[in-house]
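# What the coordinates show
One-letter residues, chain by chain:
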Amino acid sequence: MRTVVAWQETPPEKDGIRNVCYDLCFKPDGSQLVAGVGARVLIYDASDGELQHVLKGHKDSVYAVAYAFNGKRFASGGADKTVIIWTSKAEGILKYTHNDSIQCLAYNPITQQLASGTASDLGLWSPEQKSVAKHKVASKIVCMSWTSDGMLLAMGLYDGSISVRDKAGTEKHKFSASSSPVWSIAWSPQDQSVLAAGCLDGQLRFFSSTGQPKLKERSMEGDPLSLAYFNSDYLLAAGTDKCVHLMTREGIYLSKVATRDSWTWVVQPRPKGNFVAVGCEDGSIAMLQLMFSTVHGLYGDRYVYRDQMTDVIIQHLITEQKVRIKCRDYVKKVAVYKDRVAVQLPSRVVLYKLDSSADDMDMQYHSAAKINQKLECNLLVVTSNHILLCQEQQLQLYSFEGVLVREWMMDAVVRYIKVAGGPAGKEGLLVGLKHGAVLKIYVDNAFPIPLIKHTCSIRCLDLSCSRRKLALVDETNTVVVYDLHTKELLFESKGANSVAWNSHFEDMLCFSGNGQLVIKTGDFPLHVQKMQGFVVGFKGCKVFCLEYVNVATIDVPQSSSMANYLEQGDVDSAYKVACLGVTEADWRTLALAALQVLELEVARAAFIRLHDVRAVELVNRTASGLAAGTPKGLLLAEIAAWQGQFNEAAKLFVSEGQLEKALEMFTSMRMFDEAKQWAEEAARSGGVGKGSAGPGGAGGAAAVAELIGRQAEWSEETANYEAAVEMYIKAKKYERAIALLVKHGWWERLLALMRSLDKAADVKHITAAVAAFRRAGKSDAAKEGLLKLEDIPGLLALHVEELRWDDAFLLLAGHSQLKDQVYGPYAKWLLSQDRFADACAAYCQGGRREQGLAILQQLADNAVAERRYEDAAHGYYKLAMEAMQGINPPAAMTDADQQALQAFSSHYETAELYHAFSIIHTAAHQPFKTVDDATLFNAARFLLMRVQGREVPKGIALSQVLLALATQARAQGAYKLARYAYSKLQALALPPAVAAEVDMASLMLRAQPFTDADALLPICYRCQATNALLNTQGDFCTNCGAPFLRSFITFEVLPLVEFELEPGISDAEAAALLGEDVLGSATAAAGGRGVEMVVGSGSAAAAAAVAGGAGGGANVLRLDDEDEGAGGGGFGALGLGRSGALEDSFAAQAAVPHTPIRLGRAALRKLRPSEVLQRRWPNPALPQQWFRLLDDEQPVLVGPCGHFFEAEEYEMAVLEHGRAPFSREPMAKDMTALKT
């Protein structure tokens, strides 16, 4: 580093006041310098020192000046106790005073607040306030400094303490810095927690804002009167030693900036530049320019340079990695060689070494040795075991232990030294002298070796990689190249400032100058490109350029050099240049050129670089062919064909007598016209190739077809798809033709092709066309193809895919063995349409009965879970009907039939229970009355009697049933039954409100008699016995055991008595015998007309009858329309009737309890058809059931479900809902047939 005086000025004394420059400040943009000299304020142009303004506002010495950070105003203060605010145009705008002289001023960098310090107080003024806020201090304020964020103000006091205050003037911290006055302070701009303080005891100290010591205390040569941070990295100090010193921001001493003739009271760095202003005791003002020299070194791809004066940075130029070594001292010189780095400090030399010298990318250095001597030199060089110091003409070689090993004295001043390499401890050095001599010195040899005697002083030197050529740049900026063996001048060029050989290629160098980079390769023309700076290295395709302390890596193209060598036919040199770094296109050019001249090793290496596996295989085949003695013409022909030079390849093939190879080449390239031309030319010239065969016969036809196929493939590759389809069809490659037709949606052409195909020979292709039509939704075309193939399963699958169920079932009628192919998908489709019952039927018809039953069971369970008990009843009814299917007659029943019969009985009875409970549940939850009280009463009794002795089905709440029964029984006078129901309810866990209601009702019921109303007691129509309202054993007569037959709308007991036929009488005969003796055979035949209804179910009791031989099936109801005869009228009791004999027989059997009533032929003849009801089951294998109606005034019929109904109620239910009760079978609109 050196210092240049930009300008200096010593103003003359005025008004008899001593001419002392106590303070300086710069305008924030660095354009002006404000100085307090004597009693005047002087404003200079900072660039050239021109005096711009002389301000005379003060009456005594000016001690302090300060510029606001916005550049709009500055302030001055002095011994006249006055502070004056000036504008940037040197106009005074404000003045205020203190009680003592103004010692220092400082502007807040953020708020533009001005702090002024005196011997007794601190003043704070800002443009926004009218008055100055003043704060008393205990000691004289000597100096002050704001932090860069404007939050804290530090003041150095005369008593040796430092006071830290906030921007309001409140003291935050106060601490002792010295026993002497603190004359200068400055906050670090990089670390606001560090405060530098210069004391009059000659010490420089560093503190935190709270007074804690931060850095090492430094001793100064004199007392520091002024401190200022320079470029954030350095600290300037001026004082009584008449000098200005440069230190690091940590206080490490670096250098003396300047020496003046008197005390230096103030030093201030100029913003935005390497300039420093100094004010002295004699009134002089100087502007100094600091010029930092570049300290660096380079070897190979490692660049070492000084940073921040105390640090060393090692940069890897290839990877751009950097390593910083903190030396914590002034770095004077650096040098690098291979894995060694030498750093010269003021009092020692430190050697660093790589941790791993074998790794070119390693950047981990450690201290290897120290030479604790103060060594002076102009140049520093390091080798493997030594350091070399150059001082003018003298060269000194030291070991790493600090021992002087050898010394050389040159004839002239040494201008350049470079390590040329060599074994460890025997390295060679290139030395360039001022008088033009170039020497080579070996560190183990005391005698220099002259190499060249140049005419001018040497500025730069470099050796080629083979050590045969020397390049130098002299002081005339001329680059010169010498042959070291012949001493011949090989090259010379003007305008160079630096030169470097390529470390990887002998005949390539570069030099820089005049803003250009010049590349010289062999004897070829120079390559020039723009570049600023100095060339310091050349490695491969990378040039290292130094500009100031930054080394940039520039990639230089080697394409032109490689092309020049190829033009000369020098493939090996071209390959060496390419290895330095060229583009992929250049590598391919080199590879092809080498292949043309059969330089196969170069070609293989180039293609490997390109990762071109096919090209490498070609080179290997060519090498194998050469080794096997294959003619070069054939090998060159293959190479030409590989390069796309087909005509040239054909010429070479024909010249070698291989016409067939030429034709094969053209055919494979789809160049059919060229193949024909060469074949015709060969035929005309008689040059038929060896082994070629002429077309003809079956082989010729096959060849034509193959050619057409290849043409089709080529047309497809060239996107001529229509031509490709036609040629594929001609070549009978239907599969590819169909694929193209489908890809482009040419359905009409595909249909035409399908129609033209032979059904027997082209089944595969017709099937492929049909599949394509189906995928495209072209069902009609697909259907046509399936019909052509007579593929019935496929046709069915098509109908199923298109959801054409009518067509599918129509086709299935003649192919029932395929029913699973239709019914399964049909059932799934029905499920998707929420048609669950139809889906169940479809599964059953398709032979998947278990799936159908599972659906029904799931529907029933869901209905129970959702409290849709009527739907649950219907679901179990359907399950019962399905269980009945397939049961054999009683005589032939198997275990499976018995299980099915039990399932039918269980499902049917469960359906009856859910049907009855739905009435109670609806009445309990509907806001309006929808059920008659008697029906509700009867349904509750029916439920309680039917659940006796069995598990209550899920969802049926006995509490609801008992509550409904209790309520209705109490209302209708059945107090005994009500008491029973309430007692049962009280035993259950009920909601509190319901329990309270039950308890109240039970209490009120105690006032009623303990009997049921006689009118409510049911009468058995078989034995005429009166029964209790609730039989806890079941729903049957307690006297004779006959079950009560109820209407499944009102649940009233109907006047029906079941009877059986005597053995030997068939159902058909019994039906024919009815009424013969009453009406005569003819009348019976005419008057026996009625309605025959086939029903779908029966009761659980009927199931038991089936097991006993009196089963059921589809029900037949015969209702006579003619008037009753003389013996007519209601039967009332069994003793009344038309025929005493009949009634006696019937009554006699009815009187015998627990015994079935059996009627013979004579009794049947006496029964009128209108008083007999017949119930048949859907399974014809099961027996029918016979019932006698004992009251003609109460018409009764059998519904489709197998239950009995009063005719009028049934008719009303059908009219209301449009379907039969319980079974939900749709009924005809004409209901007259239902009347008895």
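Residues numbered from 1 in each chain as written. Predicted model: local features only at pLDDT ≥ 70, side-chain atom pairs only at ≥ 80, totals over all residues. Heavy atoms only, no water.

So, about the overall build of the protein. Helices and strands together make up the secondary structure of the protein, namely 33 helices and 61 strands. Here the C-alpha atoms of the protein give a radius of gyration of 62 Å, more than 25% beyond the 33 Å that 2.2 N^0.38 yields for 1236 residues. Buried residues in the protein amount to 51% of all 1236 residues. Restricting to contacts in the protein with at least 6 residues of sequence separation, those with at least 24 account for 47%. Within the structure as shown, the protein displays about 55500 Å² of accessible surface, and the carbon and sulfur contribution to it stands at 50%. Here the protein contributes 125 positive and 141 negative side-chain charges, whose respective centroids are spaced 9 Å apart. (Helix = DSSP H or I, 4+ residues; strand = E, 2+ residues; numbered from the N terminus. Rg over C-alpha atoms; globule rule 2.2 N^0.38 Å. Buried < 20%, exposed > 50% of the residue type's maximum accessible area, 1.4 Å probe, protein only. Contact = heavy atoms within 4.5 Å. Areas by Shrake-Rupley, 256 points an atom, 1.4 Å probe, with all protein chains shown as cover. Lys, Arg positive; Asp, Glu negative; His and termini not counted. Charge placed at Lys NZ, Arg CZ, Asp CG, Glu CD.)

All told, the structure shown has zero disulfides when counted by the stated rule. No disulfide involves Cys 456; its sulfur sits 15 Å from the nearest other cysteine sulfur, which is in Cys 460. Under the relative-accessibility criterion, Cys 456 is labelled buried at 17%. The thiol of Cys 510 is not disulfide-bonded; the next cysteine sulfur, from Cys 545, is found 9.7 Å away. (Disulfide = S-S within 2.5 Å.)

Where burial is concerned, most of strand 2 (residues 21–26) is hidden: five out of the six residues are buried. Hairpin connection, strand 2 to strand 3 (residues 32–37): the antiparallel pair is bridged by five residues, and Gly 30 has positive phi, about 80°. (Pairing = 2+ DSSP bridges.)

Moving on to the sheet that holds strand 46 (residues 469–474). Across the sheet, which stays open at both edges, the four strands sit in the order 45-46-47-48 with antiparallel pairing between neighbours. Of all strands in the sheet, those bounded by a partner on one side alone are strand 45 (458–463) and strand 48 (489–494). Strand-to-strand twist across the sheet, computed as the mean angle between neighbouring axes with direction ignored, equals 15°. As paired elements, strand 46 and strand 47 (residues 478–483) share five bridges and run antiparallel to each other. Bridge pairing in strand 47 links Lys 469 to Asp 483. (Axes fitted to C-alpha atoms, helices over the stretch in contact; angles between N-to-C directions.)

Turning our attention to empty space enclosed by the protein. Following the criterion strictly, the structure yields one cavity of 30 Å³ or more and no others. If you add up the space inside the largest cavity, you get close to 40 Å³. Met 220, Glu 221, Gly 222, Asp 223, Pro 224, Ala 237, Ala 238, Gly 239, Asp 241 and His 245 together form the lining of the largest cavity. Sort the elements by how many residues they give to the lining of the largest cavity and strand 23 (residues 234–239) lands first, with three residues. A class-by-class count of the residues in the lining of the largest cavity yields four nonpolar, three polar and three charged. (1 Å grid on protein atoms, 1.4 Å probe; cavity = no way out; pocket = protein on both sides within 12 Å on 5 of 7 lines; lining within 4 Å. Points joined across faces, edges and corners; volume = space filled by probe spheres on them. Nonpolar A, V, L, I, M, F, W, Y, C, P; charged D, E, K, R; others polar.)

Let's shift gears to the UniProt feature "repeat: WD" (unreviewed entry) in the protein. Mapped onto this numbering, the UniProt entry gives "repeat: WD" (unreviewed entry) at residues 55–86. Helix makes up 0% of residues 55–86 and strand 56%, and the two end C-alpha atoms of the span are 9 Å apart. (UniProt positions renumbered as here; feature names shortened; annotations may be inferred.)

If you look at the biggest cluster of nonpolar residues, it comprises 69 residues, and the most contacted ones within it are Phe 904, Tyr 914, Leu 943, Leu 977 and Tyr 982. Only helix 20 (849–865), helix 21 (869–884), helix 22 (895–925), helix 23 (933–946), helix 24 (958–972), helix 25 (975–986), helix 26 (992–1005) and helix 33 (1207–1217) provide two or more residues apiece to this core. If near-sequence neighbours (up to four positions away) are discounted, Leu 977 is found in contact with Phe 937, Arg 941, Leu 965, Ala 969, Asp 1012, Leu 1029 and Leu 1030. In terms of nonpolar packing, the next biggest core, distinct from the first, is built from 42 residues, Leu 753, Met 754, Leu 812 and Tyr 823 among them. (Core = buried A, V, L, I, M, F, W, Y, C linked by side-chain atoms within 4.5 Å.)

So, about the side chain of Asp 1012. Mapping Asp 1012 onto the fold places it in the loop between helix 26 and strand 56 (1056–1061). No salt bridge is formed by the buried Asp 1012; its nearest oppositely charged neighbour, Lys 976, is found at 5.8 Å. Among the polar contacts made by the side chain of Asp 1012, one reaches the main-chain amide nitrogen of Lys 976 at a distance of 2.9 Å. Every residue in contact with Asp 1012, bar those within four places of it in the chain, is listed here: Gly 973, Ala 974, Tyr 975, Lys 976, Leu 977, Leu 1017 and Leu 1029. (Salt bridge = Lys/Arg side-chain N within 4 Å of Asp/Glu carboxyl O. Polar contact = N/O pair within 3.5 Å; in protein donor to acceptor, adjacent residues only side chain to side chain.)

Across all of its chains, the model carries 35 aromatic pairs by this definition. Geometrically, the ring pair formed by Tyr 22 and Tyr 63 is edge-to-face, given 5.1 Å between the ring centres and 90° between the ring planes. Residue Tyr 22 is located in strand 2, and its partner Tyr 63 is located in strand 6 (residues 62–67); the two are separated by 41 residues in the primary sequence. Using a relative accessible area of 23% as the deciding quantity, one classes Tyr 22 as partly exposed. Between the aromatic rings of Phe 904 and Tyr 908, the centroid separation amounts to 5.6 Å while the plane-to-plane angle is 40°, which identifies the pairing as tilted. (Phe/Tyr/Trp six-rings, centres within 6.5 Å; stacked < 30°, edge-to-face > 60°.)

Oppositely charged side chains are able to pair whenever their charged atoms sit close together. Using the criterion set out here, one finds 33 salt bridges in the structure. One salt bridge in this structure joins Arg 868 and Glu 866, with 2.8 Å as the shortest N-O distance. We classify Arg 868 as partly exposed; its relative accessible area is 32%. One salt bridge in this structure joins Arg 1161 and Glu 1069, with 2.6 Å as the shortest N-O distance. Highlighted residues: Arg 1161 in helix 32 (residues 1161–1166) and Glu 1069 in helix 27 (residues 1067–1073), separated in sequence by 92 residues. Overall, the relative accessible area of 26% leaves Glu 1069 in the partly exposed class. Within the structure, one salt-bridge network assembled from shared partners comprises Asp 307, Asp 311, Arg 324 and Lys 326.

The next thing to look at is a nonpolar patch on the surface. A cluster of nonpolar side chains, namely Met 1000, Leu 1003 and Met 1004, defines an oily patch on the protein surface of about 310 Å² accessible area. Position of Leu 1003 relative to the elements: it lies in helix 26. What makes Leu 1003 partly exposed here is its relative accessible area of 49%. (Patch = residues over 30% accessible without salt bridge, like charges linked within 9 Å, V, L, I, M, F, W, Y side chains within 5 Å.)

Now for the pairing of strand 7 (residues 73–78). Moving residue by residue along a regular strand, the side chains alternate between the two faces of the sheet. Among the six residues in strand 7, six count as buried, and that is most of the element. Of the strand pairs in this sheet, strand 6 and strand 7 are connected by five bridges, and their pairing is antiparallel. Bridging from a neighbouring strand, Ala 64 pairs with Gly 77 of strand 7. As consecutive antiparallel partners, strand 6 and strand 7 are separated by five residues, and within that stretch Gly 71 has a phi angle of approximately 75°, a positive value. Sheet analysis places strand 7 next to strand 8 (residues 82–87), joined by five bridges and oriented antiparallel. Residue pairing across strands places Ser 76 opposite Ile 84, the latter belonging to strand 8. Where strand 7 folds back onto strand 8 in an antiparallel hairpin, the turn is made up of three residues, including Lys 81, whose phi is positive at roughly 65°.

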